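# Analysis of the macromolecular model
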Amino acid sequence: MICNLCPRKCSAVRTEHSGSGFCQMGTLPVVARIAPHYGEEPCISGTNGSGTVFFSGCTMKCKFCQNHEISLTGKGTALTPEQLAEGYRMLEQSGVHNINLVTADHFVEAVVKSLEIYRPKLPIVYNCSGYTAPKTLSMLDGLVDIYLPDFKYADDSLAKKLSHAPDYSATALAAIKEMIFQVGTPEFDADGLMKKGVIVRHLILPAHTRNSIEALRLLKRYFGDQILVSLMCQYVPCGEAKTDPKLGRKITPREYDKVKRVLFELELDGFTQDLSSATEDYIPDWDLK
């Protein structure tokens, strides 16, 4: 195929097992882990966990990526849509609350096929970087119940420096708008588990509180109470970031309080983390378990 799925529009040649584009992946999904995961927001993980499928490769390759072992190296196993569908069935039988597709933008065509083969009787969560083309998202209309995008940057110069994405802000805002159009405002069941809606995540980076504050203001301005916001302080230096003068440390309590104060002032509904979340303990083993 000639691929223009992501906003980079590489026009890359992709075969089943190789690709010449930014993500360097073929068309068959490469999967690093299929297992219950308990580190998501409470309304996603619940008590039985979220049924996560972690895809390898990425359309961003952030300098600080906590999943860099799979996003940058392509570690994992190539699966057919039929095998992927069987993974959903296995997760559903384990008792998880939802099926959570993590970083699947570059494999979206195979994901659509897999859900046509087997659609679990559980909410489908689409967990992504936010750097997603609305046209690509339209392929998922009617298949996804919950969108879980990042909104990493309000500052496009920072997006270019850290994630090779100089058009990140406008692209992500357009993507979130499409997500809301598809699934509407948040809905929950009697146990407080999410059934439909959009949760936008923002990870605070050390020494970049101005970017975080402006990101929250943009989310409020564009989407108001149509979304939930998950403010994350779990940053730990990974990959290239370990040697970066600014990114080579965790955020401080002062930095977190500064951004959190703005979240509350804007009256954005959602979630915050405890600073104890800033640990590598939450990064899974990439063993296709």
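Here the structure is shown first, and the text comes after it.
A brief report on the enclosed structure follows. None of the values given here were measured: they were computed from a predicted structure.

## A few points about the packing of aromatic side chains
Taken as a whole and assessed by the stated rule, the structure comprises seven aromatic pairs. Relative to tyrosine 168, the ring of tyrosine 131 lies with its centre 6.0 Å away and its plane at 15 degrees, an arrangement referred to as stacked. With a gap of 37 residues between them, tyrosine 131 in the loop between β7 (124–128) and α5 (134–137) and tyrosine 168 in helix α7 (residues 168–183) connect regions that are remote in the sequence. We note that tyrosine 131, like tyrosine 168, is buried. Geometrically, the ring pair formed by tyrosine 222 and phenylalanine 223 is tilted, given 6.1 Å between the ring centres and 45 degrees between the ring planes. We classify tyrosine 222 as partly exposed; its relative accessible area is 47%. The rings of Tyr131, Phe151, Tyr153 and Tyr168 are connected pair by pair, giving a single aromatic cluster.

## Topic: the pairing of strand β4 (residues 50–55)
Of all six residues in β4, six are buried, a share of seventy percent or more. Note: strand β3 (residues 30–37) against β4, six bridges, orientation antiparallel. Within β4, the position partnered with isoleucine 34 by the bridge is valine 53. Of the strand pairs in this sheet, β4 and strand β6 (residues 99–102) are connected by four bridges, and their pairing is parallel. Counterpart to valine 53 in the pairing with β6 is leucine 101.

## Considering the layout of surface pockets
Taken as a whole, the largest pocket holds about 980 Å³ of empty space. Gln66, Asn67, Arg201, Met232 and Gln234 are, among the 41 residues lining the largest pocket, the residues nearest its centre. Of all the secondary-structure elements, those providing two or more residues to the lining of the largest pocket are β4, α2 (68–71), β7, β10 (194–203), β11 (228–232) and β12 (270–272). In terms of residue count, the dominant contributor to the lining of the largest pocket is β10 (three residues). Among the residues forming the lining of the largest pocket, the class breakdown is 19 nonpolar, 16 polar and six charged.

## Topic: the pattern of salt bridges
Under the defined criterion, the tally for this structure stands at nine salt bridges. Between arginine 89 and glutamate 86 there is a salt bridge, with the nearest N and O atoms lying 3.3 Å from each other. Here arginine 89 and its partner glutamate 86 are both found in helix α3 (residues 81–94), three residues apart, which amounts to about one turn of the helix. Looking at glutamate 86, the relative accessible area reads 44%, which means it is partly exposed. Residues participating in the shared-partner salt-bridge network are Glu40, Glu41 and Arg201.

Rules of the game
Residues numbered from 1 in each chain as written. Predicted model: local features only at pLDDT ≥ 70, side-chain atom pairs only at ≥ 80, totals over all residues. Heavy atoms only, no water. Phe/Tyr/Trp six-rings, centres within 6.5 Å; stacked < 30°, edge-to-face > 60°. Helix = DSSP H or I, 4+ residues; strand = E, 2+ residues; numbered from the N terminus. Buried < 20%, exposed > 50% of the residue type's maximum accessible area, 1.4 Å probe, protein only. Pairing = 2+ DSSP bridges. 1 Å grid on protein atoms, 1.4 Å probe; cavity = no way out; pocket = protein on both sides within 12 Å on 5 of 7 lines; lining within 4 Å. Points joined across faces, edges and corners; volume = space filled by probe spheres on them. Nonpolar A, V, L, I, M, F, W, Y, C, P; charged D, E, K, R; others polar. Salt bridge = Lys/Arg side-chain N within 4 Å of Asp/Glu carboxyl O.

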